[in-house]
Amino acid sequence: MKIIAASDRAFAPALKRITSRGRLCGGAVEKSVKTILQAVERGGDRALLYYTKKFDRVSLGPADIRVTPEDIKEAYYHIRKEEGDALRFAAQRITAFHERQRTKTWMYQDNGATLGQTVTPLDAVGIYVPGGKAVYPSSVLMCAIPAKVAGVKRVAMCTPTPKGRINPYLLVAADIAGVDEIYRVGGVQAIGALAYGTKTIPRVDKIIGPGNVYVAAAKRMLYGTVGLDMVAGPSELLVIADDDAKPAHVAADLLCEAEHDEDAQVYLVTTSERLAKEVVRLVEAQVKKLRREKIAAKSIARHAVAFVVTTLDEAIDLANQIAPEHLTLSVDRPFDYLEKVRHAGALFLGRYTPPAVADYVAGPNHVLPTGTTAKFFSALSVNDYVKMSNIVHYTRDELVKVKEQLIRLAHIEGFDAHAKSAESRFS
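Residues numbered from 1 in each chain as written. Predicted model: local features only at pLDDT ≥ 70, side-chain atom pairs only at ≥ 80, totals over all residues. Heavy atoms only, no water.

A. Examining the sheet that holds strand β4 (residues 124–128) more closely. What the five strands build is an open sheet, ordered β6-β5-β4-β7-β8; its pairing is parallel. A single partner strand is all that each edge strand has here, and the edge strands are β6 (181–183) and β8 (227–228). Packing against the sheet, helix α8 (residues 187–196) makes contact with β4, β5 (154–158) and β7 (206–208), and its axis sits at approximately 175 degrees to β4. (Pairing = 2+ DSSP bridges. Helix = DSSP H or I, 4+ residues; strand = E, 2+ residues; numbered from the N terminus. Contact = heavy atoms within 4.5 Å. Axes fitted to C-alpha atoms, helices over the stretch in contact; angles between N-to-C directions.)

Structure (structure tokens):
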């Protein structure tokens, strides 16, 4: 883990590399993804099963694609009671938070005209759950529960099964969250099936959930054919720490995010060179004690940087440029800096708010924008599962009041039919 001071010549190049991390994947990936998507669009289940066998090495028939109620029931026998209780505890917390996000249809009167918006849930949502280097039942809860809170009638879930069997924790989490359909397929072919629909998997209106670079490319290509939450990349964490921060806590938080995968990116920005050196030392020591040591060590070696700046305001400015997925403020009086943070997927304030608490039990969603997209994307929320339609109602008397300006604006733009549509009400 490198330490770079703001006065170092390496500072600007390092910052440029970090702020460019969200660039699009290469042409080879996109070419492969396009081929698979076209095959699924044309071939449906046949193509879906072909690519499932090719990439996941699992031979399925059409009747095997959907998980049965018996499969879900059996999953409960493969986990401990206290583990099920933990999933239910998290689900209750997530539900409570997202219920506060619900908005209703609203209207108001403007000199007799009625204006407003309707708020209606989507009909069908597809949740993609990765099945690679880790298992994420928490992501099942985070993606499915807001959909149910919003009122989505049909929630379908796809997840790959490289060994032919879905992890029981995923099935239990899906059952707790109220997922309506579960399919044992993943990868680009599953994204295509959700977007286009097949005989076995009816199409959805929006696809939610992270995935690898191929899944991200597939979602990007399908924008417009289907709605998307965001195109997520590797996990990220930036910790801002002052001189009083605990180095052991900071190091543990950095490793918490680094253990996701080799491409996870973690950064420290501090006003204390002493703390930076101690954190680097502790990261090197603590990583050796992790079960996912090799993954975390590669992440740290490839991407981790500790920046040393002069003031906390400089640290906040740096964070705004980087726009991290997770941002921790391990400083005195963290709420004093809250309004200065402009770009972050989620904020963790104070000495005793590890990012892991929000990953599992705090309640706010952990599906967050990455790769600098926190500058224009938000955390996943109930709003991602609804759509809003404007309401406009005018009486004849109210139309009279605005007719002159309406006609004038229509003529400015050269649309005389617009003007005549208003005039016709008074002919």
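B. Structural context of helix α9 (residues 213–221). If you check which residues of α9 are buried, you get Val215, Ala216, Ala217, Ala218 and Lys219. Looking at the buried side of α9, the elements it contacts are α2 (27–43), β4, α8, β7 and β8. Sitting at the amino-terminal end of α9 is Asn212, which places a side-chain oxygen 3.0 Å from the backbone nitrogen of Tyr214. (Buried < 20%, exposed > 50% of the residue type's maximum accessible area, 1.4 Å probe, protein only. Polar contact = N/O pair within 3.5 Å; in protein donor to acceptor, adjacent residues only side chain to side chain.)

C. Broad picture of the pairing of strand β12 (residues 326–330). The buried fraction of β12 is high, at five of five residues. Across the two faces of β12 the burial is the same, with His326, Thr328 and Ser330 and Leu327 and Leu329 all buried. Where strand β9 (residues 236–241) and β12 come together, five bridges link them in parallel fashion. Each bridged residue has a counterpart across the sheet, and for Ile240 the counterpart in β12 is Leu329. The sheet contact formed by β12 and strand β13 (residues 346–349) spans four bridges and is parallel. Bridged to Leu327 within β13 is Leu347.

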